[in-house]
Amino acid sequence: MPAITDSHCHLDFPDFDGMRDEIVDRAIRAGVHRMVTICTKLENADRVRAIAEAHPAVWWAAGTHPMSAADVPMVEVGDLTALAEHPKFVAIGETGLDYHYTAETKEVQQRSLRIHIEAARQTQLPLVIHSRDADEDMARILEEEHAKGAYPCVMHCFSSGAELARRALDLGFYLSMSGITAFKKSTALREIFADAPRDRILVETDSPYLAPPPHRGKRNEPAYSVHTAQAGADALGLTYEDFASLTEANFERLFTKVTR
């Protein structure tokens with residue numbers, strides 16, 4: 001299989017306890033030759049870093065997930081820029097806004113998001129954005145902050161509306177496909193990706209969540225990126241090989257530290 005990259009997974013989550021070596025090996029055998037494992041609470045950074053250090057195919061990022069922003073100490077810019085000194089630390093986040101379950105903490109989430117943006121601006125590492133039921137606030141904050149100084153960014157597991165996609169793309173940001181793109185009901189989402197600039201599309205699992213068919217409803221893992229990639233290729237009218245080549249080039253253009 002042509003090589004692809006799972007640009008967002010959570011290998012430190014307990015779903016993978018006792019089998020991380022097997023999970024990484026299975027991904028590599030499937031053609032997923034690189035994985036970025038994401039730390040969602042800075043208190044877990046040491047554990048996530050250790051996973052990246054133990055596996056040549058794994059890189060890492062860290063931030064405060066918006067659903068945790070009110071439950072942990074507020075992150076500081078220096079906390080994130082210090083982590084960026086690690087050779088396998090390749091992105092800031094995930095961060096963002098989630099009003100689906102935690103709308104009552106929106107002000108804290110927004111403050112945390114702006115801190116992460118500043119760290120991305122200073123390091124020029126890509127910002128990894130989680131956005132759920134917060135399209136207008138998300139677009140507004142990304143635009144306000146971009147006007148203060150550019151920063152690279154990916155809208156991870158993108159499943160929001162076409163307007164947020166347009167405004168993010170207008171800022172030069174990237175959209176990442178998760179298993180949601182492969183769901184039968186996701187016609188509108190596939191159309192958003194089909195209309196997006198082809199040099200701004202990535203692929204991911206967000207594992208252990210959101211397994212694509214034929215594994216939907218089961219624990220997701222990086223190896224299943226290949227199913228999302230096939231759905232992405234179909235949506236864009238490409239062969240799997242061409243879609244793999246496209247997303248690999250896009251990943252390396254955004255995650256520049258991976259190829260240094």
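The rules behind the values
Residues numbered from 1 in each chain as written. Predicted model: local features only at pLDDT ≥ 70, side-chain atom pairs only at ≥ 80, totals over all residues. Heavy atoms only, no water. Buried < 20%, exposed > 50% of the residue type's maximum accessible area, 1.4 Å probe, protein only. Helix = DSSP H or I, 4+ residues; strand = E, 2+ residues; numbered from the N terminus. Pairing = 2+ DSSP bridges. 1 Å grid on protein atoms, 1.4 Å probe; cavity = no way out; pocket = protein on both sides within 12 Å on 5 of 7 lines; lining within 4 Å. Points joined across faces, edges and corners; volume = space filled by probe spheres on them. Nonpolar A, V, L, I, M, F, W, Y, C, P; charged D, E, K, R; others polar. Lys, Arg positive; Asp, Glu negative; His and termini not counted. Salt bridge = Lys/Arg side-chain N within 4 Å of Asp/Glu carboxyl O. Polar contact = N/O pair within 3.5 Å; in protein donor to acceptor, adjacent residues only side chain to side chain. Contact = heavy atoms within 4.5 Å.

This part is about the pairing of strand β4 (residues 89-98). Most of β4 is tucked away, with ten of its ten residues classed as buried. The pairing of strand β3 (residues 58-62) with β4 spans three bridges and is classified as parallel. When the sheet's bridge partners are listed, Trp-60 is paired in β4 with Phe-89.

This brings us to the layout of surface pockets. Within this model, the largest pocket holds a volume of roughly 580 Å³. Of all the elements, strand β5 (residues 127-132) adds the most residues to the lining of the largest pocket, at three residues. Of the residues assigned to the lining of the largest pocket, the class counts are seven nonpolar, eleven polar and eight charged. Here the second largest pocket defines a volume of roughly 180 Å³. Ser-159, Ser-160, Ile-180, Phe-183, Lys-185, Ser-186, Ala-188, Leu-189, Ile-192 and Leu-210 are the residues that line the second largest pocket.

Turning next to the side chain of Asp-6. Mapped onto the fold, Asp-6 is located in strand β1 (residues 4-9). Among buried Asp, Glu, Lys and Arg side chains, Asp-6 stands out as unpaired, with Arg-34 the closest opposite charge at 11 Å. At a separation of 2.6 Å, a polar atom in the side chain of Asp-6 contacts the side chain of Thr-205. Those residues in contact with Asp-6 that lie beyond four places of it in its chain are Val-32, Arg-34, Met-35, Val-36, Val-203, Glu-204, Thr-205, Ser-207, Pro-222 and Ser-225.

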